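Survey of secondary and tertiary structure
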Amino acid sequence: QVQLVESGGGLVQAGGSLRLSCTASGRTFSRYSSSWFRQAPGKEREFVAGISWSGTYYADSVKGRFTISRDNAKNTMYLQMNSLKPEDTAVYYCAANLRGGTILSRIYDYWGQGTQVTVSS
């Protein structure tokens with residue numbers, strides 16, 4: 001199993017930037033496909049960005065603004081978020097699975113506890 005812990009959330013003004021981190025323990029993170037999801041109040045959890053052996057992929061709503069990366073030596077995944085908008089406000093979760101890269105949340109076996117991102121207008 002792998003345990004995931006997110007950090008880096010906070011309050012930022014529209015147009016600002018934040019970098020989220022997801023640190024894995026228990027297993028080598030590089031073996032997993034991993035992604036960021038988010039959930040806003042009253043809405044379903046949605047895919048944001050993912051990274052696997054085949055590359056990176058993004059939701060259309062964040063393409064060009066967010067960048068996902070992973071430092072395997074540190075067992076850590078990042079989400080650099082630029083040009084933030086109020087609609088990016090949500091709890092952000094990292095997730096991992098051994099079955100491959102996908103935008104489907106039900107495929108992911110391991111989840112962090114989430115970190116709050118709030119973007120003020």
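It should be noted that the structure appears before, not after, this text.
What counts and what doesn't
Residues numbered from 1 in each chain as written. Predicted model: local features only at pLDDT ≥ 70, side-chain atom pairs only at ≥ 80, totals over all residues. Heavy atoms only, no water. Helix = DSSP H or I, 4+ residues; strand = E, 2+ residues; numbered from the N terminus. Rg over C-alpha atoms; globule rule 2.2 N^0.38 Å. Core = buried A, V, L, I, M, F, W, Y, C linked by side-chain atoms within 4.5 Å. Buried < 20%, exposed > 50% of the residue type's maximum accessible area, 1.4 Å probe, protein only. Phe/Tyr/Trp six-rings, centres within 6.5 Å; stacked < 30°, edge-to-face > 60°. Contact = heavy atoms within 4.5 Å.

When its secondary structure is counted, the protein shows zero helices and eleven strands. Starting at the N terminus, the α and β elements of the protein follow one another as β-β-β-β-β-β-β-β-β-β-β. By the compact-globule yardstick of 14 Å for 121 residues, the protein fits well, its C-alpha radius of gyration being 13 Å. Overall, the protein is about 40 × 25 × 25 Å in size when its C-alpha atoms are taken along their principal axes.

Core analysis: the biggest nonpolar cluster contains 33 residues, and Trp36, Leu79, Met81 and Tyr92 have the highest contact counts within it. Where this core is concerned, the elements lending two or more residues are β3 (18-25), β4 (33-39), β5 (46-52), β7 (66-71), β8 (76-81), β9 (90-97) and β11 (115-120). With five residues, the top contributor of residues to this core is β9.

A few words on the packing of aromatic side chains. Here the structure, examined in full by the defined rule, presents seven aromatic pairs. Ring geometry for Phe37 against Phe47: centres 5.7 Å apart, planes inclined by 75°, an arrangement best described as edge-to-face. On the criterion of sequence distance, the pair formed by Phe37 in strand β4 and Phe47 in strand β5 is long-range, its members being ten residues apart. In this pair, the class of Phe37 matches that of Phe47, namely buried. A connected cluster of aromatic rings, assembled from ring pairs, spans Phe37, Phe47, Tyr57, Tyr93, Tyr108 and Trp111.

What follows covers the side chain of Asp88. Here Asp88 shows up in the loop between β8 and β9. For Asp88, a relative accessible area of 1% puts it in the buried group. Excluding anything up to four places from it in sequence, Asp88 contacts Arg38, Arg65, Phe66, Ser83, Val117 and Val119.

These values are about where atoms sit, not about what they do.
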